[in-house]
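Here is how the chains run, residue by residue.
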Amino acid sequence: MINIIHGILLILYIIDCIALTVVVLMQEGKQAGLTGAISGAAESYWGKNKGRSMEGGLVLATRIMAVLFVVFSLLLNLKIFS
């Protein structure tokens, strides 16, 4: 029974690793360059509503998957499942 739980956790861990990599690579860079410094990119429409955009969703997904990554890592390294 413990080997089955370990196998399931390992599969979920691998899926989380792949998904986390994909989501991080989908995000835009944070460097706005000279244009962002002059025009004030934070005051634009997209800057104010970033939480509702696709970029905001990717940031939230990254945070959730990072927490799951840590939790799965800790669970897989418990001596119970060895």
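The preceding data block contains the structure.
Residues numbered from 1 in each chain as written. Predicted model: local features only at pLDDT ≥ 70, side-chain atom pairs only at ≥ 80, totals over all residues. Heavy atoms only, no water.

Novice: Explain the environment of T21 to me, using residue names and the numbers behind them.
Specialist: Relative to the helices and strands, T21 resides in helix α1 (residues 2–26). Put simply, T21 and M65 are 44 residues apart on the chain and 9.7 Å apart in space, counted from C-alpha to C-alpha. Within the local environment of T21, its side chain forms a polar contact with the backbone oxygen of C17, the two atoms lying 2.8 Å apart. (Helix = DSSP H or I, 4+ residues; strand = E, 2+ residues; numbered from the N terminus. Polar contact = N/O pair within 3.5 Å; in protein donor to acceptor, adjacent residues only side chain to side chain.)

Novice: Can you lay out the packing of aromatic side chains for me, pointing to particular residues and giving the numbers?
Specialist: Applying the stated criterion across every chain, the model contains 1 aromatic pair. With a centroid separation of 5.3 Å and 20° between ring planes, the pair formed by Y13 and F69 is classed as stacked. Here F69 lies in helix α4 (residues 54–76) and Y13 lies in helix α1, a separation of 56 residues in the sequence. (Phe/Tyr/Trp six-rings, centres within 6.5 Å; stacked < 30°, edge-to-face > 60°.)

Novice: So what's going on with the side chain of T62? Which residues, and what values?
Specialist: Mapped onto the fold, T62 is located in helix α4. Its relative accessible area of 18% is what places T62 among the buried residues. Engagement of the side chain of T62 in a polar contact is seen with the backbone oxygen of L58, the distance being 2.7 Å. Ignoring any residue separated from it by four or fewer positions in sequence, one finds T62 in contact with L20, V23, V24 and Q27. (Buried < 20%, exposed > 50% of the residue type's maximum accessible area, 1.4 Å probe, protein only. Contact = heavy atoms within 4.5 Å.)

Novice: Just give me the short version of the environment of L25, but keep the residues and values in it.
Specialist: Note on placement: L25 falls in helix α1. A C-alpha to C-alpha distance of 10.0 Å links L25 and L58, two positions 33 residues apart in sequence.

These values are about where atoms sit, not about what they do.
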